[in-house]
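Survey of secondary and tertiary structure
If you want the building blocks of each chain, they are given just below.
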Amino acid sequence: MIAVVPSWNSPPLDLTLDLGEIHVWRVSLTQTESCLQSLEETLSTDERTKAEGFHFPKGRSQFIVSRGVLRAILSRYLNINPHILRFYYNPYGKPSIIAAQGGNTLRFNLSHSRGIALIAITKNRDIGVDIEGINTNFPCLEIAEKFFSPLEHSVLRSLPEHLQPRAFFTCWTRKEAYIKAVGKGLSIPLNQFDVTLAPGEPAALLNVEDNPEEASRWSLMELIPSSDMVAAVAVAGDCWKLHCWEWTGEF
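Residues numbered from 1 in each chain as written. Predicted model: local features only at pLDDT ≥ 70, side-chain atom pairs only at ≥ 80, totals over all residues. Heavy atoms only, no water.

Read from one edge to the other, the open sheet built from three strands follows the order 6-10-9, with strand pairing classed as antiparallel. Pairing within the sheet leaves two strands with one partner each, and these edge strands are strand 6 (127-133) and strand 9 (218-226). On average, each strand axis in the sheet is inclined to that of its neighbour by 15 degrees, with strand direction left out of account. Pairing geometry for strand 9 and strand 10 (residues 229-236), over seven bridges, is antiparallel. Along strand 10, the bridge assignment pairs S219 with V235. Here helix 6 (residues 164-182) sits on the sheet in contact with strand 6, strand 9 and strand 10, set at roughly 155 degrees to strand 6. (Pairing = 2+ DSSP bridges. Helix = DSSP H or I, 4+ residues; strand = E, 2+ residues; numbered from the N terminus. Axes fitted to C-alpha atoms, helices over the stretch in contact; angles between N-to-C directions. Contact = heavy atoms within 4.5 Å.)

Structure (structure tokens):
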């Protein structure tokens, strides 16, 4: 699939999510104090405890916004109050809505970097999202040699030096989106599967070691959330239609 430079639109009042659609929300994690307070009021006891555990105020506020906005958005699809949403976590820490509130149907994933969060939502299939800021001073080849597959490291090394940082983080987001969609996180070694990363190359899961049919089960899509950031969405099956929404602070 090709990279998408989305138009982040305000969502319609009659927000619906059809089968085959993916909705991705972009959220600024910098909000007013009044908004922060309103979001915090919707959090569960364990979420508030976790928020208080952050040493720096910025980390605390960004956690409150990301979890509070997640609740606000999910509640619109489910037509329930955000504060009564209940999550359960699989053995690898991936959250889902409890089945009684629609968790068997509505699936979601969240990622944030540099003050921006992305929330990806779909129905009846697993989904993962990752967003990263591009760091041009990052030791890309050194880290890729340790964590990427031999194919990915070879492709990265073959690129002109000025293209390597974007390609590295493009690869990283695609790999992270996939392991988050599977729901097993870093228990899946990053060097045991291949994704595309070269500039202009469609996002794709190419191969999974010891599981030749796995790659055909997944679709990858690259998103460009801003000029200095990259992101990717992984979803089971085909991606038929994508909508990109901007959270406007409304509850």
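Having seen the structure, we can now continue with the description.
Another point: the nonpolar core. Ranked by internal contacts, the top residues of the largest apolar core, which has 31 residues, are L156, F168, Y178, F193 and L205. With nine residues, the single largest contributor to this core is helix 6. Those residues within four positions of F168 in sequence are excluded, and the remaining contacts are F138, C140, I143, A144, F148 and L156. Grouped together as the second largest cluster of nonpolar side chains are 30 residues, C35, A51, A117 and W247 included. (Core = buried A, V, L, I, M, F, W, Y, C linked by side-chain atoms within 4.5 Å. Buried < 20%, exposed > 50% of the residue type's maximum accessible area, 1.4 Å probe, protein only.)

Moving on, we come to the pairing of strand 5 (residues 116-123). Burial analysis of strand 5 places seven of its eight residues in the buried class, which makes it a mostly covered element. Here six bridges tie strand 1 (residues 21-28) to strand 5, and the two strands are oriented antiparallel to one another. Within strand 5, the position partnered with V27 by the bridge is A117. Here strand 4 (residues 106-113) hands over to strand 5 after two residues, with R114 in that stretch at a positive phi of 50 degrees.

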